[in-house]
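Chain and residue survey
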Amino acid sequence: MPLHEACTTLAAEATGESVILILDASESASSCQRQIDALARELIEKTRVDRIYFLGNPVAYPANEFARQSSRWFQENRLRASLLIPLLKEIRREQLARQVVIGSGAIYDLDEVNEQLPNLLLVSVGEALTPYPGLATELASPNTESLLASLRDPIVRVQIAGPGFLPVFWHPSDASSYRLDYQDGSFMLIGENLSHYTVRLRYLCEAGQDLQAKITHRSGVENIFPMEQEPAWTAEESPQGWLTPDESALFDLAAAKQPFTCPCCLQTKLQDHLRCHRPGEGILPKSIYNTLRDTKGLVLLQREESRVRYRTFPNSVLQVSADKVAMMSRGARVASLFRFDRETGRWQTDREMEPYYKVGEAGYVITV
Amino acid sequence: MLLQYDRTGFPLLCLPECGLKTHLLPVTKIQMESFLSEPNAFGDTWYEQVLELNPRIAAHRLNAHNRENLFVTGIQADEALAFAAWMGGGFDLPTVQEWQQIHQGLQDADLYLPSLKDQLSDSLDEPARTLLLKLLDQLRPSSWLELSLMTQGVVEWVRMEKTSPAVWNGLGAPRSEFYPNAFNPPWETIRPLAHAHRIRYFGFRLVQRG
């Protein structure tokens with residue numbers, strides 16, 4: 001299968017206590033409204049509840065208004081039936097939050113949606129919410145402490161993978177965030193023991209395929225979530241600018257495999273000379289292009305008439321052709337090329353990238 | 001056959017020769033639930049009564065023996081009309097003559113299953129997509145009429161011609177497992193014995209005129 005590019009976002013708190021509260025105001029729960037209200041107040045006070053929904057209603061209510069407005073909200077929603085489908089799209093947005101339904105009486109479409117809500121917890125304060133047993137985890141009339149205990153199960157690991165998956169941009173991407181792993185021809189993005197697991201990514205994957213996020217909690221419970229593609233966004237993910245005229249001239253010589261005079265050591269060098277010691281700037285060699293001296297990783301240089309534009313890649317991954325990427329691993333001095341094999345659906349190590357790797361008509365990728 | 005979609009995302013067939021559109025299938029519980037999720041006179045209590053006669057199944061649990069559970073039955077004609085009013089302009093229960101015209105029109109129309117599957121896969125959202133595609137796999141219909149379940153479905157509410165106030169009867173022939181009496185659709189209407197009671201095998205489909 002050919003590769004295509006898509007974007008997605010995973011929104012998640014590490015604590016496992018982020019809660020979306022779904023309250024039952026329907027006829028079947030009308031006699032239990034006081035208990036539902038009381039339990040909701042305790043959860044709002046003792047966990048992280050941002051939004052509240054009512055069965056049958058896709059509209060989100062702000063949790064910080066619940067204490068003042070709950071009577072009115074229950075009244076507004078009392079004529080709706082006990083259904084989850086109308087709000088499914090909304091509550092699935094924050095995929096890793098616990099969705100806690102408090103109510104009484106069957107949720108009619110539960111069997112239609114429960115597989116899409118692996119974090120669903122039902123709390124019945126009267127009649128059972130499952131139309132028949134075994135459809136979802138249900139606590140019957142729990143006290144607040146036992147309910148809180150069942151909600152406290154922090155996330156310890158998130159693994160994002162999929163057919164042909166390779167992220168070309170992800171944010172945040174610092175050392176304390178996700179790392180890219182390569183095993184047996186597949187790439188995966190892994191976050192472990194992070195303070196939060198929210199990540200936005202632009203990625204390649206086999207056309208028509210979706211990614212999955214495997215979430216592991218401290219208790220050992222694992223859930224797998226499909227990650228829905230979202231409309232392509234164009235974040236300022238590739239800082240760019242222009243080389244100076246001297247640097248542009250140097251680039252032309254190096255790209256054409258001509259000798260040039262290094263501006264740092266003033267010696268004649270060839271194109272594999274990309275870093276050099278700068279007098280008075282420490283012992284570590286830096287880019288021979290002064291404009292890029294604080295940049296790390298891959299840089300795309302493109303001649304545009306009289307000037308040379310540079311683009312940097314925060315995640316050090318750059319798609320260089322339909323089935324090929326250049327990638328710079330953490331700690332590596334040279335980038336590697338990986339090729340996607342459409343037959344096997346696997347990424348294969350191609351070779352080390354040459355110092356000025358040609359991309360398109362007028363572009364070259366270098367490592368700095 | 002040209003397909004359009006109602007506000008719940010379920011398909012309507014355009015039948016210009018009859019001057020109307022019709023639901024491809026009897027109205028499903030998923031469609032009815034869109035209506036029930038809005039504040040109106042039909043809440044949990046009403047739905048419990050309906051489900052008691054014909055329990056709900058999730059689309060992914062559809063098999064050869066339970067397909068009638070997908071559809072709303074046990075509903076009364078005036079309740080079906082409330083759903084039609086919510087559905088929007090021109091929606092109504094069909095008259096006997098309209099129902100029979102639709103039956104005839106679907107009998108004569110060619111069905112090419114692969115292209116219909118592709119069209120439904122592309123056009124429908126969940127859970128309508130799962131429901132329709134599973135139903136297609138199970139029925140393997142050779143005609144639009146078979147797919148429509150105007151027979152082998154449920155008895156459907158129809159309005160007797162030129163009656164005022166309206167008189168509601170039924171047309172259609174359920175499978176014997178669902179209702180074990182033989183009818184002779186589409187020509188003989190079925191008269192409910194008592195309109196005040198819910199009848200397990202009475203469902204409905206809507207037409208849109210104009």
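Here the structure is shown first, and the text comes after it.
Procedures and definitions
- Residues numbered from 1 in each chain as written.
- Chains lettered and ligands numbered in written order.
- Predicted model: local features only at pLDDT ≥ 70, side-chain atom pairs only at ≥ 80, totals over all residues.
- Helix = DSSP H or I, 4+ residues; strand = E, 2+ residues; numbered from the N terminus.
- Rg over C-alpha atoms; globule rule 2.2 N^0.38 Å.
- Buried ≥ 20, exposed ≤ 12 C-beta atoms within 10 Å, placed from the backbone.
- Contact = placed C-beta atoms within 7 Å.
- Expected span 1.5 Å × (residues − 1).
- Arc of directions from axis to C-beta.
- Nonpolar A, V, L, I, M, F, W, Y, C, P; charged D, E, K, R; others polar.
- Pairing = 2+ DSSP bridges.
- Axes fitted to C-alpha atoms, helices over the stretch in contact; angles between N-to-C directions.

**Digging into the overall build of chain A**
From N to C terminus, chain A includes six helices and 27 strands. Taking 21 Å as the expected radius of gyration for a compact globule of 368 residues, we find that chain A reaches 27 Å, considerably beyond that expectation. Over its C-alpha atoms, taken along the principal directions, chain A stretches across nearly 85 × 45 × 35 Å. Looking at chain A residue by residue over its 368 residues, the buried ones come to 37%. Across chain A, the fraction of contacts at a sequence separation of at least 24, relative to all contacts at a separation of at least 6, is 63%.

**A short note on helix α2 (residues 66–77) of chain A**
All names here are of chain A. Given a rise of 1.5 Å per residue, twelve residues ought to cover 16 Å, yet the end C-alpha atoms of α2 are separated by just 14 Å, more than 12% below that figure. For α2, the set of buried residues is F66, S70 and N77. End-on, the buried residues of α2 take up no more than an arc of 65°, which puts them together on one face. Seen from the buried face of α2, the exposed residues on the opposite side, beyond 90 degrees, are R68, S71, R72 and Q75. Against α1 (33–46), β3 (48–54) and β4 (57–62) lie the buried residues of α2.

**Things to note about the environment of S219 of chain A**
Residue and element names in this part refer to chain A. Within the secondary structure, S219 sits in the loop between β13 (211–217) and β14 (222–227). For S219, a count of 11 C-beta atoms within 10 Å puts it in the exposed group. Here the alpha-carbon distance between S219 and R152, two residues 67 residues apart in the chain, equals 9.6 Å.

**Overview of the interface of chain A and chain B**
Listed by partner, the interface residues are 16 residues for chain A and 15 residues for chain B. For the side of chain A that touches chain B, the secondary-structure elements that each account for two or more residues are α3 (85–91) and α4 (110–113) of chain A. Tallied by class, the residues present in the side of chain A that touches chain B amount to six nonpolar, five polar and five charged.

**Some points on the sheet that holds strand β4 (residues 91–92) of chain B**
Sheet strands associate in pairs through backbone hydrogen bonding, adopting either a parallel or an antiparallel arrangement. Residues and elements named next belong to chain B. Across the sheet, which stays open at both edges, the five strands sit in the order β1-β2-β3-β8-β4 with antiparallel pairing between neighbours. A single partner strand is all that each edge strand has here, and the edge strands are β1 (3–5) and β4. Summarising the sheet, β1 and strand β2 (residues 11–15) pair through three bridges and their orientation is antiparallel. Of the residues in β2, the one forming a bridge with Y5 is P11.

**Quick look at the sheet that holds strand β27 (residues 363–367) of chain A**
Residues and elements named next belong to chain A. Judged by pairing direction, the sheet is antiparallel, and its five strands sit side by side in the order β15-β21-β20-β27-β26 without closing on themselves. The open sheet has two edge strands with one neighbour each: β15 (240–242) and β26 (357–359). In this sheet, adjacent strand axes meet at a mean angle of 30° when their direction is disregarded.

**Brief notes about unusual backbone geometry**
The peptide bond linking H171 of chain A to P172 of chain A adopts the cis configuration, its omega dihedral lying at 0°. With respect to the element layout, P172 of chain A can be found in the loop between β9 (166–171) and β10 (179–183). Following S164 of chain B, the chain continues to P165 of chain B via a peptide bond in cis, the omega torsion being 0°. Within the element layout of this structure, P165 of chain B appears in the loop between β5 (155–159) and β6 (168–171). The phi angle at D184 of chain A is positive, at roughly 50°, despite the residue not being glycine. For D184 of chain A, a count of 6 C-beta atoms within 10 Å gives the class exposed. In this structure, L266 of chain A takes a positive phi of about 60° despite not being glycine. Structurally, L266 of chain A is set in the loop between β16 (260–261) and β17 (268–269). Of the residues examined, L266 of chain A has 9 C-beta atoms within 10 Å and is grouped as exposed.

**Some details on the environment of F187 of chain A**
Residue and element names in this part refer to chain A. Tracing the chain through its elements places F187 in strand β11 (residues 186–192). Taking the number of C-beta atoms within 10 Å as the measure of exposure, F187 has 24 and is therefore buried. In this structure, the C-alpha to C-alpha distance between F187 and G164, residues 23 residues apart in sequence, is 7.8 Å. For F187, the contacting residues outside a window of four places in its chain are F165, L166, L180, D181, Y182 and W347.

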